[in-house]
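# Observations on chain architecture
The lines below spell out each chain.
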Amino acid sequence: MKYEVNEKGFYGDFGGAFIPELLHHNCEELKEALDKYSDTEEFKNEFDLLLKDYVGRPSPLYYAPNLSKKYNTNILLKREDLNHTGAHKVNNAIGQALLAKRMGKTKIIAETGAGQHGVATATVCALLDLECTVFMGEIDIARQAPNVARMQMLGAKVIPATSGSKTLKDATNEAIRYWINNPETFYIIGSVVGPHPYPAMVTKFQSIISEEIRFQLNEKYGKETPDYVIACVGGGSNAAGAFYHFLDDENVILIAVEAAGLGVESGETAATTIKGTEGIIHGSRTLLMQDKDGQIVEPYSISAGLDYPGVGPLHAHLFKTGRAEFLNATDDEALEAAFLLTKIEGIIPALESSHALAALEKMNFKPQDIVVLNLSGRGDKDLETYMKVSEKYS
Ligand SMILES: Cc1ncc(COP(=O)(O)O)c(C=O)c1O
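In this text, all values refer to a predicted model and were calculated from it rather than measured experimentally.

## So, the packing of aromatic side chains
As enumerated under the stated definition, the model contains 12 aromatic pairs in all. Look at Phe47 and Phe205: their rings are 5.3 Å apart centre to centre, the planes differ by 55 degrees, and that puts the pair in the tilted class. Note that Phe47 is positioned in helix H2 (residues 41–55) and Phe205 in helix H9 (residues 198–206), a separation of 158 residues in sequence. Overall, the relative accessible area of 2% leaves Phe205 in the buried class. An aromatic cluster is built from Phe43, Phe47 and Phe205, whose rings are joined through pairwise contacts. Sitting over the face of the ring of Tyr71, Lys70 holds its NZ or CZ atom 5.3 Å from the ring centroid.

## Quick notes on the sheet that holds strand E5 (residues 107–112)
One open sheet holds the 4 strands; their spatial order is E7-E6-E5-E8, and the pairing between them is parallel. Edge positions in the sheet fall to strand E7 (157–161) and strand E8 (186–187), since each of these pairs with one other strand and no more. Relative to E8, E5 is paired through 2 bridges, and the arrangement is parallel. Pairing of Ile108 across the sheet is with Phe186, part of E8. Sitting on the sheet, helix H5 (residues 116–128) is in contact with E5 and strand E6 (131–137), with an inclination near 160 degrees to E5. Against the sheet, helix H7 (residues 145–153) touches E5, E6 and E7, its axis set at about 165 degrees to E6.

## Some words on the pairing of strand E11 (residues 277–281)
Where E11 and strand E12 (residues 284–288) come together, 5 bridges link them in antiparallel fashion. Among the inter-strand pairings, Glu278 is bridged to a residue of E12, identified as Leu287. In this antiparallel pair of consecutive strands, E11 and E12, the connection spans 2 residues, and His282 shows a positive phi of 45 degrees.

## Let's talk about the UniProt feature "modified residue: N6-(pyridoxal phosphate)lysine" (unreviewed entry) in the chain
Within this structure's numbering, the places UniProt gives as "modified residue: N6-(pyridoxal phosphate)lysine" (unreviewed entry) are Lys89. Relative to the elements of secondary structure, Lys89 occurs in helix H4 (residues 89–102). For Lys89, a relative accessible area of 17% translates into the label buried. Those residues within four positions of Lys89 in sequence are excluded, and the remaining contacts are Gln116, His117, Ala120, Gly190, Ser191, Gln206 and Ser237.

## Some words on the sheet that holds strand E3 (residues 61–63)
Pairing within the open sheet is mixed, and its 6 strands lie in the order E3-E4-E14-E9-E10-E13. If you trace the sheet from one side to the other, it starts and ends with E3 and strand E13 (324–330), each paired once. Averaged over all adjacent pairs, the angle separating strand axes in this sheet is 25 degrees, with direction ignored. Across 6 bridges, strand E4 (residues 74–79) lies against strand E14 (residues 370–375) in parallel orientation. If you follow Leu77 over to E14, its bridge partner there is Leu373.

The rules behind the values
- In every chain, residue numbers begin from 1 and rise along the written sequence.
- Only residues with pLDDT of 70 or above have their local features reported here, since the model is predicted, and side-chain atom pairs are shown and tallied only from 80 upward, although totals for entire chains, interfaces and linings are computed over all residues.
- Only hydrogens and water are set aside; all other atoms, that is, all heavy atoms of the structure, feed into the side-chain values.
- When two rings of Phe, Tyr or Trp (its six-membered ring) have centres within 6.5 Å they constitute a pair, described as stacked for plane angles under 30 degrees, edge-to-face for angles over 60, and tilted for the intermediate range.
- Each helix is a run of H or I in the DSSP string that is no shorter than four residues. Each strand is a run of E no shorter than two, and both are numbered from the N terminus.
- Here the term buried applies to any residue with accessible area under 20% of the maximum for its type, exposed to any over 50%, and partly exposed to those in between, with areas from a 1.4 Å probe on protein chains only.
- Throughout this description, the term charge over a ring refers to an Arg CZ or Lys NZ atom that lies within 6 Å of the ring centre and within 35 degrees of the ring normal.
- Two strands are counted as paired when DSSP detects at least two bridges linking them.
- Note on contacts: a residue pair qualifies if any of its non-hydrogen atoms lie within 4.5 Å across the two residues.
- Here an angle of 0 to 180 degrees is reported between the N-to-C directions of two axes, which are lines fitted to C-alpha atoms, with helices fitted over the stretch in contact.
- UniProt positions are given in the numbering used here, feature names are shortened, and annotations may be inferred rather than shown by experiment.

Rendered as C-alpha coordinates:
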(Lines give C-alpha, C1' and ligand atoms only; values in the text may rest on other atoms or scores of the structure.)
Protein backbone atom coordinates (compact mmCIF):
# COMPACT_ATOMS: atom_id res chain seq x y z
CA MET A 1 0.00 0.00 0.00
CA LYS A 2 1.26 3.42 -1.02
CA TYR A 3 0.56 5.02 2.35
CA GLU A 4 1.36 2.04 4.55
CA VAL A 5 4.27 2.04 6.95
CA ASN A 6 7.35 0.08 5.82
CA GLU A 7 9.34 -2.51 7.79
CA LYS A 8 11.54 0.15 9.35
CA GLY A 9 8.58 2.22 10.44
CA PHE A 10 8.71 4.88 7.73
CA TYR A 11 5.94 6.54 5.76
CA GLY A 12 7.99 7.89 2.86
CA ASP A 13 10.57 10.19 4.46
CA PHE A 14 8.89 10.22 7.85
CA GLY A 15 8.70 8.02 10.93
CA GLY A 16 11.36 5.64 12.25
CA ALA A 17 12.47 5.24 15.84
CA PHE A 18 14.92 7.96 16.89
CA ILE A 19 15.21 7.01 20.50
CA PRO A 20 17.82 6.75 23.22
CA GLU A 21 19.53 3.38 23.43
CA LEU A 22 17.74 2.77 26.74
CA LEU A 23 14.34 2.65 25.01
CA HIS A 24 15.43 0.41 22.19
CA HIS A 25 14.48 -2.76 24.06
CA ASN A 26 11.02 -1.37 24.95
CA CYS A 27 10.21 -0.53 21.34
CA GLU A 28 11.48 -3.90 20.10
CA GLU A 29 9.48 -5.73 22.77
CA LEU A 30 6.38 -3.79 21.80
CA LYS A 31 6.87 -4.50 18.11
CA GLU A 32 7.20 -8.21 18.82
CA ALA A 33 4.06 -8.22 20.95
CA LEU A 34 2.11 -6.28 18.35
CA ASP A 35 3.15 -8.76 15.63
CA LYS A 36 2.50 -11.76 17.85
CA TYR A 37 -0.93 -10.85 19.25
CA SER A 38 -2.77 -8.12 17.40
CA ASP A 39 -3.90 -10.19 14.42
CA THR A 40 -4.89 -13.30 16.36
CA GLU A 41 -8.56 -14.25 16.51
CA GLU A 42 -8.40 -14.25 20.30
CA PHE A 43 -7.08 -10.65 20.48
CA LYS A 44 -9.44 -9.37 17.80
CA ASN A 45 -12.46 -10.99 19.50
CA GLU A 46 -11.66 -9.40 22.84
CA PHE A 47 -10.94 -5.99 21.24
CA ASP A 48 -14.12 -6.10 19.13
CA LEU A 49 -16.29 -7.16 22.07
CA LEU A 50 -15.02 -4.33 24.26
CA LEU A 51 -15.51 -1.83 21.43
CA LYS A 52 -19.06 -3.06 21.00
CA ASP A 53 -20.33 -3.56 24.54
CA TYR A 54 -18.08 -1.26 26.57
CA VAL A 55 -17.48 1.65 24.18
CA GLY A 56 -20.83 1.36 22.38
CA ARG A 57 -19.55 0.90 18.83
CA PRO A 58 -20.34 1.23 16.04
CA SER A 59 -20.62 4.96 16.65
CA PRO A 60 -23.48 6.41 14.59
CA LEU A 61 -22.92 8.07 11.23
CA TYR A 62 -25.45 10.84 11.66
CA TYR A 63 -26.89 12.77 8.72
CA ALA A 64 -26.94 16.33 10.08
CA PRO A 65 -29.95 17.92 8.36
CA ASN A 66 -29.47 21.50 9.50
CA LEU A 67 -25.75 21.61 8.88
CA SER A 68 -26.33 20.03 5.47
CA LYS A 69 -28.90 22.69 4.64
CA LYS A 70 -26.61 25.48 5.75
CA TYR A 71 -23.74 24.31 3.54
CA ASN A 72 -26.02 23.07 0.74
CA THR A 73 -24.58 19.56 0.69
CA ASN A 74 -24.82 16.26 2.59
CA ILE A 75 -22.93 16.30 5.87
CA LEU A 76 -22.61 13.18 7.97
CA LEU A 77 -21.09 13.34 11.43
CA LYS A 78 -19.18 10.28 12.61
CA ARG A 79 -20.21 10.40 16.25
CA GLU A 80 -17.03 9.47 18.13
CA ASP A 81 -18.33 11.91 20.76
CA LEU A 82 -20.87 9.25 21.75
CA ASN A 83 -18.21 6.71 22.72
CA HIS A 84 -17.83 5.79 26.39
CA THR A 85 -15.48 8.43 27.89
CA GLY A 86 -16.49 10.94 25.20
CA ALA A 87 -13.96 10.72 22.38
CA HIS A 88 -12.16 8.47 19.91
CA LYS A 89 -9.19 8.05 22.27
CA VAL A 90 -10.72 5.02 23.99
CA ASN A 91 -10.42 2.85 20.84
CA ASN A 92 -6.66 3.03 21.00
CA ALA A 93 -6.37 2.91 24.80
CA ILE A 94 -8.23 -0.42 24.82
CA GLY A 95 -6.04 -1.87 22.08
CA GLN A 96 -2.81 -0.93 23.82
CA ALA A 97 -4.01 -2.03 27.27
CA LEU A 98 -4.94 -5.45 25.88
CA LEU A 99 -1.40 -5.73 24.50
CA ALA A 100 0.09 -4.61 27.82
CA LYS A 101 -1.85 -7.35 29.61
CA ARG A 102 -0.53 -9.98 27.23
CA MET A 103 3.01 -8.71 27.77
CA GLY A 104 2.54 -9.18 31.53
CA LYS A 105 2.82 -5.43 32.23
CA THR A 106 1.05 -4.13 35.33
CA LYS A 107 2.02 -0.45 35.28
CA ILE A 108 0.79 1.97 32.63
CA ILE A 109 1.86 5.52 31.87
CA ALA A 110 0.25 7.97 29.45
CA GLU A 111 0.48 11.61 28.38
CA THR A 112 -2.58 13.73 27.82
CA GLY A 113 -3.46 17.18 26.49
CA ALA A 114 -7.22 17.63 26.52
CA GLY A 115 -7.44 14.89 29.13
CA GLN A 116 -9.45 12.58 26.85
CA HIS A 117 -6.60 10.16 26.33
CA GLY A 118 -5.83 10.33 30.05
CA VAL A 119 -9.45 9.55 30.92
CA ALA A 120 -9.61 6.75 28.35
CA THR A 121 -6.41 5.20 29.70
CA ALA A 122 -7.49 5.58 33.35
CA THR A 123 -10.83 3.97 32.44
CA VAL A 124 -9.28 0.97 30.74
CA CYS A 125 -6.78 0.58 33.58
CA ALA A 126 -9.65 0.47 36.08
CA LEU A 127 -11.36 -2.17 33.96
CA LEU A 128 -8.26 -4.33 33.50
CA ASP A 129 -6.74 -3.78 36.96
CA LEU A 130 -3.65 -1.89 35.82
CA GLU A 131 -1.83 0.85 37.74
CA CYS A 132 -2.14 4.16 35.88
CA THR A 133 -0.02 7.33 35.90
CA VAL A 134 -0.89 10.22 33.57
CA PHE A 135 1.39 13.15 32.70
CA MET A 136 -0.42 16.40 31.90
CA GLY A 137 0.79 19.98 31.35
CA GLU A 138 -0.01 22.43 34.14
CA ILE A 139 -1.92 24.71 31.76
CA ASP A 140 -4.01 21.78 30.53
CA ILE A 141 -4.72 20.66 34.10
CA ALA A 142 -6.30 24.08 34.63
CA ARG A 143 -8.25 24.30 31.35
CA GLN A 144 -9.52 20.69 31.32
CA ALA A 145 -10.36 20.36 35.01
CA PRO A 146 -13.36 18.01 34.61
CA ASN A 147 -11.13 15.43 32.97
CA VAL A 148 -8.53 15.70 35.75
CA ALA A 149 -11.27 14.93 38.30
CA ARG A 150 -12.44 11.97 36.21
CA MET A 151 -8.92 10.52 35.98
CA GLN A 152 -8.49 10.86 39.72
CA MET A 153 -11.83 9.22 40.47
CA LEU A 154 -10.82 6.38 38.18
CA GLY A 155 -7.77 5.82 40.36
CA ALA A 156 -5.07 7.37 38.16
CA LYS A 157 -2.22 9.48 39.46
CA VAL A 158 -2.00 12.76 37.51
CA ILE A 159 1.50 14.27 37.41
CA PRO A 160 1.80 17.91 36.25
CA ALA A 161 4.36 18.81 33.58
CA THR A 162 5.77 22.19 34.48
CA SER A 163 8.35 22.83 31.75
CA GLY A 164 8.07 24.69 28.42
CA SER A 165 4.55 25.77 27.49
CA LYS A 166 3.20 23.33 30.14
CA THR A 167 1.04 21.59 27.55
CA LEU A 168 0.95 18.34 25.55
CA LYS A 169 4.52 18.39 24.26
CA ASP A 170 5.83 18.86 27.79
CA ALA A 171 3.60 16.09 29.15
CA THR A 172 4.98 13.80 26.44
CA ASN A 173 8.56 14.78 27.34
CA GLU A 174 7.86 13.90 30.98
CA ALA A 175 6.27 10.58 30.06
CA ILE A 176 9.24 9.62 27.87
CA ARG A 177 11.67 10.63 30.62
CA TYR A 178 9.77 8.48 33.13
CA TRP A 179 9.69 5.57 30.67
CA ILE A 180 13.47 5.69 30.25
CA ASN A 181 13.89 5.46 34.02
CA ASN A 182 11.15 2.85 34.48
CA PRO A 183 11.42 0.58 31.45
CA GLU A 184 9.15 -2.04 33.02
CA THR A 185 6.16 0.26 32.49
CA PHE A 186 4.00 0.18 29.36
CA TYR A 187 3.62 3.60 27.73
CA ILE A 188 0.18 4.00 26.11
CA ILE A 189 0.74 6.85 23.64
CA GLY A 190 -2.47 8.66 22.74
CA SER A 191 -1.84 9.72 19.17
CA VAL A 192 -0.13 8.60 15.96
CA VAL A 193 3.17 10.02 17.18
CA GLY A 194 6.26 8.59 18.87
CA PRO A 195 8.78 6.00 17.71
CA HIS A 196 7.87 3.04 15.51
CA PRO A 197 5.67 1.01 16.07
CA TYR A 198 3.45 3.58 17.83
CA PRO A 199 2.18 5.58 14.83
CA ALA A 200 1.25 2.42 12.91
CA MET A 201 -0.19 0.71 15.99
CA VAL A 202 -2.38 3.67 16.97
CA THR A 203 -3.53 4.02 13.35
CA LYS A 204 -4.46 0.33 13.34
CA PHE A 205 -6.54 0.59 16.52
CA GLN A 206 -8.24 3.80 15.33
CA SER A 207 -8.90 2.48 11.82
CA ILE A 208 -12.17 1.04 13.15
CA ILE A 209 -13.54 4.55 12.47
CA SER A 210 -13.13 4.37 8.68
CA GLU A 211 -13.98 0.66 8.64
CA GLU A 212 -17.37 1.57 10.12
CA ILE A 213 -17.83 4.62 7.88
CA ARG A 214 -17.49 2.36 4.83
CA PHE A 215 -20.21 -0.07 5.85
CA GLN A 216 -22.44 2.69 7.22
CA LEU A 217 -22.24 4.60 3.93
CA ASN A 218 -22.98 1.40 2.07
CA GLU A 219 -26.09 0.90 4.19
CA LYS A 220 -27.25 4.50 3.61
CA TYR A 221 -26.20 5.18 0.03
CA GLY A 222 -25.24 1.82 -1.48
CA LYS A 223 -21.60 2.86 -1.90
CA GLU A 224 -18.72 2.76 0.52
CA THR A 225 -16.83 5.93 -0.35
CA PRO A 226 -17.75 9.56 0.39
CA ASP A 227 -16.52 12.59 -1.56
CA TYR A 228 -14.80 14.10 1.47
CA VAL A 229 -13.54 13.01 4.88
CA ILE A 230 -12.72 15.86 7.26
CA ALA A 231 -10.98 15.56 10.62
CA CYS A 232 -8.99 17.73 13.00
CA VAL A 233 -5.31 16.99 13.60
CA GLY A 234 -3.40 17.37 16.83
CA GLY A 235 -0.98 14.46 16.68
CA GLY A 236 -3.42 13.02 14.17
CA SER A 237 -5.03 9.86 15.59
CA ASN A 238 -8.69 10.59 14.88
CA ALA A 239 -7.78 11.77 11.38
CA ALA A 240 -5.61 8.68 10.80
CA GLY A 241 -8.50 6.47 11.91
CA ALA A 242 -11.04 8.32 9.76
CA PHE A 243 -8.76 8.38 6.69
CA TYR A 244 -7.15 4.94 6.88
CA HIS A 245 -9.55 2.81 4.81
CA PHE A 246 -9.85 5.58 2.21
CA LEU A 247 -6.14 6.21 1.65
CA ASP A 248 -6.04 4.17 -1.55
CA ASP A 249 -9.34 5.56 -2.86
CA GLU A 250 -7.72 8.60 -4.45
CA ASN A 251 -11.11 10.02 -5.41
CA VAL A 252 -11.95 10.52 -1.73
CA ILE A 253 -10.70 13.98 -0.74
CA LEU A 254 -9.08 13.93 2.69
CA ILE A 255 -9.10 17.18 4.64
CA ALA A 256 -6.96 17.54 7.77
CA VAL A 257 -7.58 20.60 9.91
CA GLU A 258 -4.93 22.01 12.20
CA ALA A 259 -5.27 24.65 14.89
CA ALA A 260 -4.16 28.09 13.74
CA GLY A 261 -4.47 29.53 17.25
CA LEU A 262 -4.50 33.30 16.99
CA GLY A 263 -3.54 33.08 13.29
CA VAL A 264 -0.93 31.26 11.25
CA GLU A 265 1.37 34.29 11.18
CA SER A 266 0.67 35.44 14.74
CA GLY A 267 3.46 33.49 16.40
CA GLU A 268 0.71 31.88 18.53
CA THR A 269 -0.25 28.87 16.45
CA ALA A 270 -0.19 25.09 16.18
CA ALA A 271 -0.50 24.93 12.36
CA THR A 272 2.36 22.48 12.09
CA THR A 273 2.36 21.59 8.42
CA ILE A 274 2.41 25.24 7.33
CA LYS A 275 4.87 26.50 9.91
CA GLY A 276 6.84 23.31 10.32
CA THR A 277 10.01 21.90 8.80
CA GLU A 278 11.41 18.37 8.80
CA GLY A 279 13.00 17.23 12.03
CA ILE A 280 12.68 14.83 14.94
CA ILE A 281 10.24 15.06 17.81
CA HIS A 282 9.29 12.42 20.36
CA GLY A 283 11.16 9.68 18.56
CA SER A 284 10.05 10.11 14.96
CA ARG A 285 11.08 12.11 11.93
CA THR A 286 8.23 14.36 10.91
CA LEU A 287 7.15 17.97 10.38
CA LEU A 288 7.46 20.16 13.43
CA MET A 289 7.66 23.80 14.39
CA GLN A 290 11.29 24.57 15.19
CA ASP A 291 13.69 27.48 15.00
CA LYS A 292 16.86 27.50 12.90
CA ASP A 293 18.80 25.87 15.75
CA GLY A 294 16.32 22.99 15.89
CA GLN A 295 14.71 24.19 19.12
CA ILE A 296 10.97 23.57 19.33
CA VAL A 297 8.80 26.63 18.85
CA GLU A 298 6.15 26.60 21.57
CA PRO A 299 2.72 25.97 20.03
CA TYR A 300 -0.52 27.66 20.96
CA SER A 301 -4.18 26.75 20.52
CA ILE A 302 -7.27 27.29 22.65
CA SER A 303 -7.76 23.56 22.22
CA ALA A 304 -5.54 21.49 24.52
CA GLY A 305 -5.73 18.46 22.23
CA LEU A 306 -4.42 20.35 19.18
CA ASP A 307 -1.81 22.40 21.04
CA TYR A 308 1.16 20.35 19.79
CA PRO A 309 4.19 21.44 17.70
CA GLY A 310 4.32 18.30 15.52
CA VAL A 311 2.12 15.90 13.56
CA GLY A 312 2.43 12.15 13.24
CA PRO A 313 4.67 10.85 10.42
CA LEU A 314 1.72 9.48 8.43
CA HIS A 315 0.30 13.00 8.23
CA ALA A 316 3.66 14.51 7.29
CA HIS A 317 3.71 11.97 4.44
CA LEU A 318 0.11 12.72 3.40
CA PHE A 319 1.01 16.42 3.40
CA LYS A 320 4.20 16.02 1.40
CA THR A 321 2.64 13.72 -1.18
CA GLY A 322 -0.46 15.90 -1.42
CA ARG A 323 -2.75 12.94 -0.63
CA ALA A 324 -4.45 14.98 2.09
CA GLU A 325 -5.18 18.66 2.00
CA PHE A 326 -4.22 20.55 5.16
CA LEU A 327 -6.36 23.46 6.28
CA ASN A 328 -6.39 25.30 9.57
CA ALA A 329 -8.87 27.12 11.78
CA THR A 330 -8.27 29.83 14.35
CA ASP A 331 -9.56 29.80 17.92
CA ASP A 332 -12.22 32.25 16.84
CA GLU A 333 -13.37 30.17 13.86
CA ALA A 334 -13.50 27.01 16.00
CA LEU A 335 -15.60 28.74 18.65
CA GLU A 336 -18.01 30.04 15.97
CA ALA A 337 -18.36 26.51 14.64
CA ALA A 338 -18.89 25.01 18.12
CA PHE A 339 -21.73 27.40 18.91
CA LEU A 340 -23.26 26.88 15.47
CA LEU A 341 -23.37 23.08 15.81
CA THR A 342 -24.82 23.40 19.29
CA LYS A 343 -27.48 25.81 18.12
CA ILE A 344 -28.65 24.04 14.97
CA GLU A 345 -27.99 20.36 15.66
CA GLY A 346 -28.15 20.25 19.47
CA ILE A 347 -24.67 18.73 19.72
CA ILE A 348 -21.96 20.34 21.86
CA PRO A 349 -18.65 19.38 20.23
CA ALA A 350 -15.19 19.19 21.80
CA LEU A 351 -13.04 22.22 21.02
CA GLU A 352 -10.75 19.95 18.97
CA SER A 353 -13.60 18.69 16.77
CA SER A 354 -14.83 22.28 16.37
CA HIS A 355 -11.73 22.97 14.29
CA ALA A 356 -12.86 20.32 11.80
CA LEU A 357 -16.34 21.88 11.79
CA ALA A 358 -14.81 25.31 11.11
CA ALA A 359 -13.33 23.96 7.88
CA LEU A 360 -16.86 23.59 6.45
CA GLU A 361 -16.86 27.39 5.99
CA LYS A 362 -13.75 27.16 3.82
CA MET A 363 -15.00 24.51 1.40
CA ASN A 364 -16.94 24.65 -1.81
CA PHE A 365 -19.21 21.62 -1.80
CA LYS A 366 -21.59 20.49 -4.49
CA PRO A 367 -25.20 19.73 -3.48
CA GLN A 368 -24.76 16.02 -4.26
CA ASP A 369 -21.46 15.63 -2.35
CA ILE A 370 -21.25 13.27 0.59
CA VAL A 371 -19.13 14.83 3.29
CA VAL A 372 -18.11 12.82 6.35
CA LEU A 373 -16.82 14.84 9.28
CA ASN A 374 -15.27 13.01 12.19
CA LEU A 375 -16.75 14.48 15.36
CA SER A 376 -13.89 13.29 17.52
CA GLY A 377 -15.25 14.22 20.94
CA ARG A 378 -17.92 15.86 23.03
CA GLY A 379 -17.71 19.28 24.62
CA ASP A 380 -18.41 18.58 28.29
CA LYS A 381 -14.76 19.15 29.17
CA ASP A 382 -14.82 22.54 27.40
CA LEU A 383 -17.93 24.03 28.95
CA GLU A 384 -15.98 26.45 31.12
CA THR A 385 -14.18 27.82 28.04
CA TYR A 386 -17.45 28.01 26.10
CA MET A 387 -19.23 29.79 28.95
CA LYS A 388 -16.53 32.45 29.14
CA VAL A 389 -17.18 33.45 25.52
CA SER A 390 -20.84 32.60 25.16
CA GLU A 391 -22.01 36.20 24.86
CA LYS A 392 -19.86 36.74 21.81
CA TYR A 393 -20.75 33.53 19.96
CA SER A 394 -24.29 32.48 20.88
C1 LIG B 1 -11.81 15.16 21.22
C2 LIG B 1 -10.42 15.21 20.67
N3 LIG B 1 -10.25 15.33 19.35
C4 LIG B 1 -9.02 15.38 18.79
C5 LIG B 1 -7.89 15.35 19.59
C6 LIG B 1 -6.56 15.46 18.91
O7 LIG B 1 -5.83 14.28 18.92
P8 LIG B 1 -5.60 13.45 17.59
O9 LIG B 1 -5.10 14.40 16.57
O10 LIG B 1 -4.61 12.43 17.99
O11 LIG B 1 -6.92 12.88 17.21
C12 LIG B 1 -8.01 15.21 20.98
C13 LIG B 1 -6.82 15.16 21.82
O14 LIG B 1 -6.86 15.17 23.00
C15 LIG B 1 -9.31 15.15 21.53
O16 LIG B 1 -9.51 15.04 22.84
